[in-house]
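A closer look at the structure
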Amino acid sequence: MSFIEVSSLLSIMPNLHLSVVAGKNGLDRHIVTTDVNRPGLALAGFYKNLASKRVQVFGKGEQAFIQDCSEDELERIIAEFFKYKFPALIFTHDTIPPERFIEAAEKSSTPIFRSSYSTHDFIIQYTRVITEELAPSTSIHGVLIEVFGVGVLLMGASGIGKSETAIELIERGHRLIADDIVKIRCLNNTQLYGYTSELIQHHMELRGIGIINVKDLFGVGAIRQSKRLELVVYLEDWDPSKDYERLGLNEETVDILGVQLERLLIPVRPGRNVPILIETAAMNFRSKLMGYHAAKDLSDRIASQIEKKSGSSKK
Amino acid sequence: MLSKTITISMKEGMHTRPAAIFVREAGKFQSEIRLTSSEVTVNGKSIMGILMLALGEGAEVIITAEGPDEENALDSLSEILGGAV
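Residues numbered from 1 in each chain as written. Chains lettered and ligands numbered in written order. Predicted model: local features only at pLDDT ≥ 70, side-chain atom pairs only at ≥ 80, totals over all residues. Heavy atoms only, no water.

Before going further, it helps to spend a moment on the environment of Ser76 of chain B. In this fold, Ser76 of chain B is placed in helix H3 (residues 70–82). Taking the C-alpha atoms as reference, Ser76 of chain B lies 10.0 Å from Phe29 of chain B; in sequence the two are 47 residues apart. (Helix = DSSP H or I, 4+ residues; strand = E, 2+ residues; numbered from the N terminus.)

Set out below in structure tokens:
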């Protein structure tokens, strides 16, 4: 199950102006869900179904409740509330929690953060970022390039020519996102985004030349940090015994993190121009997206021509 | 499929030169080679992958070989990473 450590909230959400008020010892606790909880009911004494695995957001209502209650009431609330192991408590509108709250958080190692954001804005921003962080992810061996706006993932055995194909495409004006290791995240169970690893970003390995820096050689226009995956192209050595796609009517797909992507299998042989095939595949992909499917269209026209001919011969 | 956990023995870790040596050797085998460190798995035949792991001396890595020559591959590559088999 994916998770992030509470401590990473400080680095992945710098614009939320979060600061730690208490419970530094609990910063290694895990956040496992994108949902937040406003603990109003719990503070009022109703603990049934309390979502204690969620980050607890203390908005204006919750803050007023604990400010207004008597010392005794606050003690009772604290005694019950801090029995749960929350990942973190967030006080919005830059409010500082009461002293007793801070003490209880320190004792139980429960992190408390302050955010200068309003509750509404905090929840929206937080949810957006945490959804990305907790998205199912994987890492694939391949090259991700943007060709004519289409995110193409080149896959195939080591040495087949993925990087060489990619560098030719870059030279023709297309963009590199990642060479060799493509990190992939699935958002909303429907979209796959490919990223590069910060450590090796913009670098490519070309056998015979070695490691090059694409951004340094080709400029900022030749690279991208991330791109949605739309088309997968497998490169393999031409196998004479295999049937390669001749019509383009059956669309093969491949499953990555539960999402189906269109997949093409392109045989590689000396003399075959693979980069132009990738460009053509990308353009054809776009054309199909815009509603024109060349193979289907031709197939339909042939069928109606055949019908016409057989109709006239019947007369 | 065979796996082994190795502790990196090179003084400066798997920087570019040892990585190139490893990849050259790995490329000689038919089997698929994978290296896993801190929950990240990379293709052992890809130099960029190994560099990305940034393995230092003493770092633990799991090497996996899968294919017709997996035994030879695992022995030979384990030696390069950590010394004695």
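Residues and elements named next belong to chain A. As paired strands, strand S2 (residues 18–22) and strand S7 (residues 112–115) are joined by 4 bridges and run antiparallel to one another. Each residue of the ladder has a partner; that of Leu18, found in S7, is Ser115. Here 3 bridges tie strand S6 (residues 89–91) to S7, and the two strands are oriented parallel to one another. Residue pairing for S7: Ile90 is matched across the bridge by Phe113. With helix H5 (residues 99–108) bridging S6 and its parallel neighbour S7, the resulting β-α-β unit is right-handed. (Pairing = 2+ DSSP bridges. Right-handed = clockwise from strand over helix to strand, strands pointing away.)

Residue and element names in this part refer to chain A. Side chains of Leu298, Ile302 and Ile306 sit close together on the surface and give an oily, nonpolar patch of about 280 Å² of accessible area. Among the secondary structure elements, Ile302 is positioned in helix H10 (residues 294–314). For Ile302, a relative accessible area of 44% corresponds to the partly exposed category. (Patch = residues over 30% accessible without salt bridge, like charges linked within 9 Å, V, L, I, M, F, W, Y side chains within 5 Å. Areas by Shrake-Rupley, 256 points an atom, 1.4 Å probe, with all protein chains shown as cover. Salt bridge = Lys/Arg side-chain N within 4 Å of Asp/Glu carboxyl O. Buried < 20%, exposed > 50% of the residue type's maximum accessible area, 1.4 Å probe, protein only.)

Residue and element names in this part refer to chain B. For the pair helix H1 (residues 16–26) and H3, interaxial distance at closest approach is 10 Å and the crossing angle is 175°. Taken together, the axes of H1 and H3 lie roughly antiparallel to each other. For the pair H1 and H3, contact is made by Phe22, Glu25 and Ala26 and by Ser76, Leu77, Ile80 and Leu81, respectively. Here the contact of H1 with H3 is composed, by residue class, of 5 nonpolar, 1 polar and 1 charged. (Axes fitted to C-alpha atoms, helices over the stretch in contact; angles between N-to-C directions. Parallel < 35°, antiparallel > 145°, perpendicular 65-115°, else oblique. Contact = heavy atoms within 4.5 Å. Nonpolar A, V, L, I, M, F, W, Y, C, P; charged D, E, K, R; others polar.)

Attention shifts here to helix H7 (residues 162–171) of chain A. An α-helix turns once per 3.6 residues; consequently, residues spaced three or four apart project the same way. Residue and element names in this part refer to chain A. For H7, the tally of buried residues reaches 7 of 10 residues, placing the bulk of the element in the interior. Buried residues of H7: Lys162, Ser163, Thr165, Ala166, Ile167, Leu169 and Ile170, and no others. Positioned one or two residues after H7, Gly173 has a phi angle of 110°, which is positive.

As a further point, take the sheet that holds S6 of chain A. Residue and element names in this part refer to chain A. With mixed pairing, 5 strands are arranged side by side in an open sheet as S2-S7-S6-S5-S4. Unpaired on one side and paired on the other, S2 and strand S4 (36–37) mark the two borders of the sheet. Lying on the sheet, helix H3 (residues 60–68) is in contact with strand S5 (55–58) and S6; it crosses S5 at an angle near 75°.

Geometric descriptors of this kind do not, in isolation, establish any biological role.
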